[in-house]
Amino acid sequence: MTASEDGPLAGVRVVELAGIGPGPFAAMLLGDLGADVVRVDRPGGAGLAIDPAYDLTNRNKRSVLIDLKSADGPARVLDLVERADVLIEGFRPGVAERLGVGPDECLARNPRLVYGRMTGWGQQGPLAQRAGHDISYIALTGTLSMIGSSGEPPTVPANLVGDYAGGSLYLVIGVLAALQHARAEGGGGQVVDAAIVDGATHLATMIHGMMAAGGWQDRRGANLLDGGCPFYGTYETADGEYMAVGALEQQFYDRFVELLGIKDDIPARKDFDRWDELRQAVADRFRSRTRAEWTAVFEGTDACVAPVLSLREAPAHPHLAARGTYLDHGGITQPAPAPRFSATPTAVSRGPAQPGADTADVARDWDVPAIRPQEDR
């Protein structure tokens, strides 16, 4: 049985050279969409001290164990590549080439292969060979500078903006576009260079346009969408929890201040010189009740106000529960595949792949007997 038999990418075969961070997440996305993802794990693991049973970025995949540094390791990977549509690797530039599984070798075996490369700095440039992590990449692109309050250090947004938004999602977009090209008449395989610095920069396209037009100041906490606006931000409640406010449009703002109970006691929303006064009035009012009480006040309205829920609280929210935004698989509550498809629904059909556990099945299904352990041949 393949990792997933449903979804719009059913029938697409993906080889993932094991790594950490955005590469595995991108491969998980392809697996969630129905691709048969085979992860090539290395002896000793990929580098993160996490029990493989809980590494959800390896769901909807199968795993084979191949030592790329062994004499026959590269040949065994190339045997898989010959039968694949996509390969994903996240090594530093030049490493795959030194291991014998770079683009030249892989495309020689499979001219229609989409060779997806995931790095932080990209394949070329002065920093290409330097180590880095999500925070390094978004720092250099200006993205990190936008996040946080005025007069305080930038706020670290976990590893969501760089690794996953600027990295994984752009790699998947590139892979799918290149796959379309490879399957078109006269098309062929190619290399997709997905660098987090490129993706994280691209995410801020609208902001750069606003800045050029004079509608965005190049500093934190001074703009419409970065917490500088008193009706677009978060506020503490009486019980130490928070409410999120996004009442940008006039009609939503009017409903917001009416329900908050400050409609007749505040300056005009366009009186920018008195925004601090407006913010203080909103903050004082929110601190007068608990998060649950304010949630009840704004429930079912168009005031664009929502409670700030924790990761453990979110799955129980009635809207997310009704949509099945989270699911339970193998005893682990986790996000369901996204987006959704009317004709080719997606699913989590397998839990996290255990290193090497699927070698025999993949050898049979992909007709690659050489990847079986020597004792099983």
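Here the structure is shown first, and the text comes after it.
Let us look at the structure shown here. Everything quoted here is computed from the prediction, not taken from an experiment.

**Observations regarding the nonpolar core**
1) Next: Of all hydrophobic cores here, the largest spans 30 residues; its most connected members are Val-14, Leu-30, Ala-35, Val-86, Ile-88, Val-114 and Leu-171.
2) Next: Put simply, the parts of the chain that give this core at least two residues each are helix H1 (22-32), strand S4 (86-89), strand S5 (114-119), helix H6 (160-183), strand S6 (190-195) and helix H7 (196-203).
3) Next: Per-element tally for this core: the top contributor is H6, with seven residues.
4) Next: Apart from residues lying up to four places away in sequence, Leu-30 is in contact with Leu-9, Val-14, Ala-35, Val-37, Ile-88, Val-172, Val-175 and Leu-176.
5) Next: One finds Val-40, Leu-80, Phe-91 and Val-368 within the second-largest nonpolar core, a separate group that totals 25 residues.

**A word on the packing of H1 against H6**
1) Next: Running from amino to carboxyl end, H1 crosses H6 at an angle of 50°, the nearest separation of the two axes being 9 Å. The orientation of H1 relative to H6 falls into the category oblique. Seen along the crossing, H1 lies across H6 with a hand that is right-handed. In this structure, H1 contributes Pro-22, Phe-25, Ala-26, Leu-29 and Leu-30 to the contact, and H6 contributes Asp-163, Tyr-164, Ser-168, Leu-169, Leu-171, Val-172, Val-175 and Leu-176.

**Things to note about unusual backbone geometry**
1) Next: The residue after Ala-338, namely Pro-339, is reached through a cis peptide bond having omega -5°.
2) Next: Positive phi is not limited to glycine here, since Asn-60 has a value of about 55°.
3) Next: Phi is positive for Cys-304, close to 60°, though the residue is something other than glycine.
4) Next: Here Cys-304 shows up in the loop between helix H11 (291-298) and strand S9 (305-307).
5) Next: Exposure remark for Cys-304: the relative accessible area of 34% places this residue in the partly exposed category.

**So, the pattern of salt bridges**
1) Next: Taken as a whole, this structure holds 20 salt bridges when the rule is applied.
2) Next: Measuring nitrogen to oxygen at the nearest pair gives 2.8 Å for the salt bridge that ties Asp-79 to Arg-109. With a gap of 30 residues between them, Asp-79 in helix H2 (residues 73-81) and Arg-109 in helix H4 (residues 103-109) connect regions that are remote in the sequence.
3) Next: Under the relative-accessibility criterion, Arg-109 is labelled partly exposed at 31%.
4) Next: Connected through shared salt-bridge partners, Asp-36, Arg-62, Asp-361, Arg-364 and Asp-365 make up one network.

**Focus: the sheet that holds strand S8 (residues 242-246)**
1) Next: Taken together, three strands build an open sheet; the order of strands is S7-S8-S9 and the sheet is antiparallel. At either margin of the open sheet sits one strand with a lone partner, and together these are strand S7 (232-236) and S9. Shown here is a sheet whose adjacent strand axes are inclined to one another by a mean of 20°, direction ignored.
2) Next: Summarising the sheet, S7 and S8 pair through five bridges and their orientation is antiparallel. Counted as the bridge partner of Glu-236 is Tyr-242 from S8.

**Some words on the state of the cysteines**
1) Next: Going through the model one piece at a time under the given rule, you end up with zero disulfides.
2) Next: Here Cys-304 stays unpaired: no disulfide links it, and the sulfur of Cys-229, its closest cysteine neighbor, is 12 Å away.

**Looking at the pairing of strand S3 (residues 61-65)**
1) Next: For S3, a buried count of four out of five residues is recorded, marking the element as mostly surrounded by other parts of the structure.
2) Next: As judged from the five bridges shared by strand S2 (residues 36-41) and S3, these two strands associate in the parallel manner. Along S3, the bridge assignment pairs Asp-41 with Leu-65.

**Topic: the sheet that holds S2**
1) Next: Pairing within the open sheet is parallel, and its six strands lie in the order S3-S2-S1-S4-S5-S6. Lying at the two open borders of the sheet, with one neighbouring strand each, are S3 and S6. Neighbouring strand axes in the sheet, compared pairwise and without regard to direction, differ in orientation by 20° on average.
2) Next: Judged from the four bridges that link them, S4 and S5 form a sheet pairing that is parallel. Directly across from Ile-88, in S5, lies its bridge partner Gly-116.

Here is what the cut-offs are and how they apply
Residues numbered from 1 in each chain as written. Predicted model: local features only at pLDDT ≥ 70, side-chain atom pairs only at ≥ 80, totals over all residues. Heavy atoms only, no water. Core = buried A, V, L, I, M, F, W, Y, C linked by side-chain atoms within 4.5 Å. Buried < 20%, exposed > 50% of the residue type's maximum accessible area, 1.4 Å probe, protein only. Helix = DSSP H or I, 4+ residues; strand = E, 2+ residues; numbered from the N terminus. Contact = heavy atoms within 4.5 Å. Axes fitted to C-alpha atoms, helices over the stretch in contact; angles between N-to-C directions. Parallel < 35°, antiparallel > 145°, perpendicular 65-115°, else oblique. Left-handed = near helix turned anticlockwise from the far one by under 90°. Salt bridge = Lys/Arg side-chain N within 4 Å of Asp/Glu carboxyl O. Pairing = 2+ DSSP bridges. Disulfide = S-S within 2.5 Å.

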